[in-house]
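Analysis of the macromolecular model
Here are the chains, one letter per residue:
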Number of protein chains: 2
Amino acid sequence: MQYADRLNNVETSAIRELFKLLGKPGIISFAGGFPDSAMFDVEGIREASNLALTQEPGAALQYGATEGYQPLREQLAAFMASKGVKGLSADGLIVTTGSQQALDLIAKTLLNPNDVALVEGPTFLATIQCFRLYGPQVVGVPIDAHGVQVDKLEEMIVQHKPKLVYLIPTFGNPSGATLSLERRLRVLELAVKYKTVVVEDDPYGDLYFGEAPPPSLLALSDQVPGSREWLIHCGSLSKVLSPGLRVGWMIAPPELLARATMCKQFSDAHTSTFAQATAAHYLKAGRMPATLAHVRSVYAERAQAMGDALKRELGDALTFTQPKGGLFFWANLTGVGGKLNDGAELAKRAIEKGVAFVPGAPFFANNPDTTAIRLSFATADVEKIKEGIARLGQAL
Amino acid sequence: MQYADRLNNVETSAIRELFKLLGKPGIISFAGGFPDSAMFDVEGIREASNLALTQEPGAALQYGATEGYQPLREQLAAFMASKGVKGLSADGLIVTTGSQQALDLIAKTLLNPNDVALVEGPTFLATIQCFRLYGPQVVGVPIDAHGVQVDKLEEMIVQHKPKLVYLIPTFGNPSGATLSLERRLRVLELAVKYKTVVVEDDPYGDLYFGEAPPPSLLALSDQVPGSREWLIHCGSLSKVLSPGLRVGWMIAPPELLARATMCKQFSDAHTSTFAQATAAHYLKAGRMPATLAHVRSVYAERAQAMGDALKRELGDALTFTQPKGGLFFWANLTGVGGKLNDGAELAKRAIEKGVAFVPGAPFFANNPDTTAIRLSFATADVEKIKEGIARLGQAL
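Residues numbered from 1 in each chain as written. Chains lettered and ligands numbered in written order. Predicted model: local features only at pLDDT ≥ 70, side-chain atom pairs only at ≥ 80, totals over all residues. Heavy atoms only, no water.

1. Details of the overall build of chain A
Each helix and strand counted, chain A has 14 helices and 14 strands in total. Rg of the C-alpha trace for chain A: 21 Å, near the compact-globule value of 21 Å for 396 residues, within the 12% margin. The 396 residues of chain A split such that 63% are buried. Sequence separation of at least 24 residues holds for 74% of the intrachain contacts in chain A that already meet a minimum separation of 6. Here chain A displays about 14000 Å² of accessible surface, and carbon together with sulfur accounts for 51% of that area. (Helix = DSSP H or I, 4+ residues; strand = E, 2+ residues; numbered from the N terminus. Rg over C-alpha atoms; globule rule 2.2 N^0.38 Å. Buried < 20%, exposed > 50% of the residue type's maximum accessible area, 1.4 Å probe, protein only. Contact = heavy atoms within 4.5 Å. Areas by Shrake-Rupley, 256 points an atom, 1.4 Å probe, with all protein chains shown as cover.)

Right under this line is the structure:
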């Protein structure tokens, strides 16, 4: 059978192969990119879904508008307003089947083969692969502890004339890095100056441990005239409420949003109205602030425990910046004293010792850093984290 | 802003424009392609979703495998077995976000720009548009009351060397036509003879009024050696249970299924596990046979009422075959006695008289039949059907 040529642009990920090993009994896993299911507000979701089926069963179970279920769009617009976004009406966003679908719609709507998409190096693996299925060249821009290096970004915009720049500015995956306020404003200025679409993917911004991070690019866009016209923002309930609902959203200029909606019509018609109505009732019930507060405090404790354990067990064999939110540690093996400095090799040895994480190299569109590793602190409790990092020390 | 070139292949549909007029008060609509929400088994779905949240809340609300929620895959395999499909295991299908997503994944996995996809003329509008976003030429093959004309299909396979042939063999949309048993076997033979993928889209096959229709191409494939290797089957709960769950499925040869799964991973990661777990519990509870029996009897009565009213009110101004299942009448204006014979013009006049339907021309990939119209009998009750068809007679 002859498949489409676009499939040649995407490889089966090395990470997926690793995930197959996670079934081994007794493995402590820091490999996943998902929230802890023990923290799901099951009771709140049950109440919300029952309300949806009681109050508007016809709408919750019927076909719906491709743009999304209107009461959910209204709740999401209010949620964004509570995070400092100005002038957003319900019609200014569409609901997507998780923010993964927003990425797919962005690519479908904008990317021609041979276009260039700039991404952070490293970035979310499924973004690279998602984009590549539409044929563009995906090029990484270097980052540091404060997110993407904006001078370098400007150089690369001039060099590559990219169709879009994709960023996870807050608690990035896999980097954990957060773009500084100053750099956020620069990114918005670059979008206007070079007429370049900037995609802000923000699934982790609500998961901060102490102080709130800087406002989103979207919230800051009114400080940079014209920038809103070049800005796409992707949000998601997956990391803060439940990935299984598959409720994300996409905010974009009207013309682009209309075209993405047309693409969505032929991708899946619309997102599950049952899930959307459930999410709408959940948000309406006002449970989100308490849910967020709970999730933040648990993850903060786990992040602290992991940072402490890494210092204790691995010492100067590893360098990292303590994350202030999100789900991930991003660390580099130093190779000090002749120790292992290859993330992929350490991942293999670690599995033998009963602990799993993912090597960092696959997260780079190009120029992979083979010394990097990603560790999630979200799904293991503090005791498991201590034990797992001790095993990692042994593996090293 | 520069959008992707692929968007130039798709127009905003004339039908969508028409749908905007449906909000007019007092309109009786035969325009939609959806089931009657008054028939949804709300109580059964509520019980199923509560069971999902009680018995496996972690799984129902967490990320899941791209292939689908395993208990649902098992239920769906059993459902297909009950309809005569042999040798299908849970791993032989993937769950999709409605069968619309299956169409998108098929196109993404198989179609290069400049490939040819053969479809029925007329066929489901969203299939034509969905395929065109991947750049192929979509070409219609003539049909009659017994479905696609297989001699013509063979000629066109030889002429176009298509990458795939897309059919709705049972109670087609918009045609209402059902492919005869003899033709089904011929289609399977053609797939093998010309090494051509055949896509069987089957959202309506369970909605029969009297005798069951011939077995699906999938169920018949063991009678034609080798044909299963070229066959994709798309199923859906949308027309029989609830569109709002967005639960469809796709059955295909293993290699193709693996590639479609990879494409799905980057399209929406997976279908809502909440919706999938709900559907799994619904099927497991054994409520489907009663639900189907109810839906069939109501639609059968409405189809009869519509056929009778059309004969009474429009007489020889219209020709049609009485449908034996599905949701649609497909009819041709004869223009007899100088009456109107243009479907689009009649649709406009009908709206003024307070009744809506969709003209047939947009359902053709090419060579549109402008005399055709599509009428859905699914959502109006018998009294409304009588009144609506009387108005249609006045419009004519």
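2. Notes on the pairing of strand 6 (residues 164-167) of chain A
Residue and element names in this part refer to chain A. Residues Leu164 and Tyr166 line one face of strand 6 and the alternating positions Val165 and Leu167 line the opposite face, and both faces are buried. For strand 3 (residues 116-121) and strand 6, the ladder comprises three bridges, and the chain directions are parallel. Residue pairing in the sheet places alanine 117 in a bridge with leucine 164 of strand 6. Relative to strand 7 (residues 197-201), strand 6 is paired through four bridges, and the arrangement is parallel. Across the sheet, residue leucine 164 finds its bridge partner in strand 7, namely valine 197. As for the winding sense of the linkage, the β-α-β connection from strand 6 through helix 8 (residues 181-194) to strand 7 is right-handed. (Pairing = 2+ DSSP bridges. Right-handed = clockwise from strand over helix to strand, strands pointing away.)

3. Some remarks on the interface of chain B and chain A
Quoted interface sizes are often the accessible area lost when the parts come together. Facing the 73 residues of chain B at the interface are 73 residues of chain A. Taken over both partners, the interface formed by chain B and chain A buries close to 6000 Å², and the fraction arising from carbon and sulfur atoms is 61%. For the pair chain B and chain A, the number of links is two salt bridges. Put simply, B:Asp104 and A:Lys108 hold a salt bridge, and the shortest N to O gap is 2.8 Å. (Buried area = accessible area lost by both parts, 1.4 Å probe. Salt bridge = Lys/Arg side-chain N within 4 Å of Asp/Glu carboxyl O.)

4. A short note on the packing of aromatic side chains
Evaluation of the coordinates by the stated rule reveals 17 aromatic pairs over all chains. Ring centres 5.8 Å apart and planes at 85 degrees place the aromatic pair A:Phe329 and A:Phe377 in the edge-to-face group. Taken together, the residues A:Phe329 in strand 11 (residues 328-333) and A:Phe377 in the loop between strand 14 (372-376) and helix 14 (382-395) connect sequence positions 48 residues apart. In terms of burial, A:Phe329 and A:Phe377 fall into one category: buried. By way of ring pairs, the aromatic residues A:Phe209, A:Phe320, A:Phe329 and A:Phe377 are connected into one cluster. Here the basic side chain of A:Arg259 rests over the ring of B:Tyr3, its NZ or CZ set 4.1 Å away from the ring centre. Stacked on the ring of A:Tyr208, the Lys or Arg A:Arg296 has its end atom at 4.1 Å from the ring centre. (Phe/Tyr/Trp six-rings, centres within 6.5 Å; stacked < 30°, edge-to-face > 60°. Lys NZ or Arg CZ within 6 Å of the ring centre and 35° of its normal.)

5. Looking at helix 11 (residues 273-284) of chain B
All names here are of chain B. The terminal C-alpha atoms of helix 11 lie 16 Å apart, and with 12 residues this matches the ideal 16 Å at 1.5 Å per residue to within 8%. The buried fraction of helix 11 amounts to 11 of the 12 residues, a majority that puts the element mostly inside the structure. Taken together, the buried positions of helix 11 are occupied by Thr273, Phe274, Ala275, Gln276, Ala277, Thr278, Ala279, Ala280, His281, Tyr282 and Leu283. Where helix 11 begins, the side chain of serine 272 points an oxygen toward the backbone nitrogen of phenylalanine 274, at a separation of 3.3 Å. Just downstream of helix 11 lies glycine 286, where phi reads positive at about 75 degrees. (Expected span 1.5 Å × (residues − 1). Polar contact = N/O pair within 3.5 Å; in protein donor to acceptor, adjacent residues only side chain to side chain.)

6. Re the UniProt feature "domain: Aminotransferase class I/classII large" (unreviewed entry) in chain A
With numbering matched to this structure, UniProt assigns "domain: Aminotransferase class I/classII large" (unreviewed entry) to residues 41-392 of chain A. Summarising residues 41-392 of chain A: 45% helix, 17% strand, and an end-to-end C-alpha distance of 32 Å. (UniProt positions renumbered as here; feature names shortened; annotations may be inferred.)

7. Quick word on the relation of the copies chain B and chain A
You can overlay chain B on chain A at an RMSD of 0.0 Å; the transform is a turn of 180 degrees with a shift of 0.0 Å along its axis. The symmetry that links the two subunits is that of a two-fold axis. Comparing interface residues between copies, 100% of those in chain B also sit at the interface in chain A, which points to an isologous, same-surface contact. (Least-squares fit on C-alpha atoms with pLDDT ≥ 70 in both.)

8. Concerning the pattern of salt bridges
All names here are of chain A. As enumerated under the stated definition, the model contains 40 salt bridges over all chains in all. The shortest N-O distance in the salt bridge between glutamate 313 and arginine 312 comes to 3.9 Å. Looking at arginine 312, the relative accessible area reads 51%, which means it is exposed. One connected set of salt bridges, linked through shared partners, spans Asp151, Glu154, Arg186 and Lys193.

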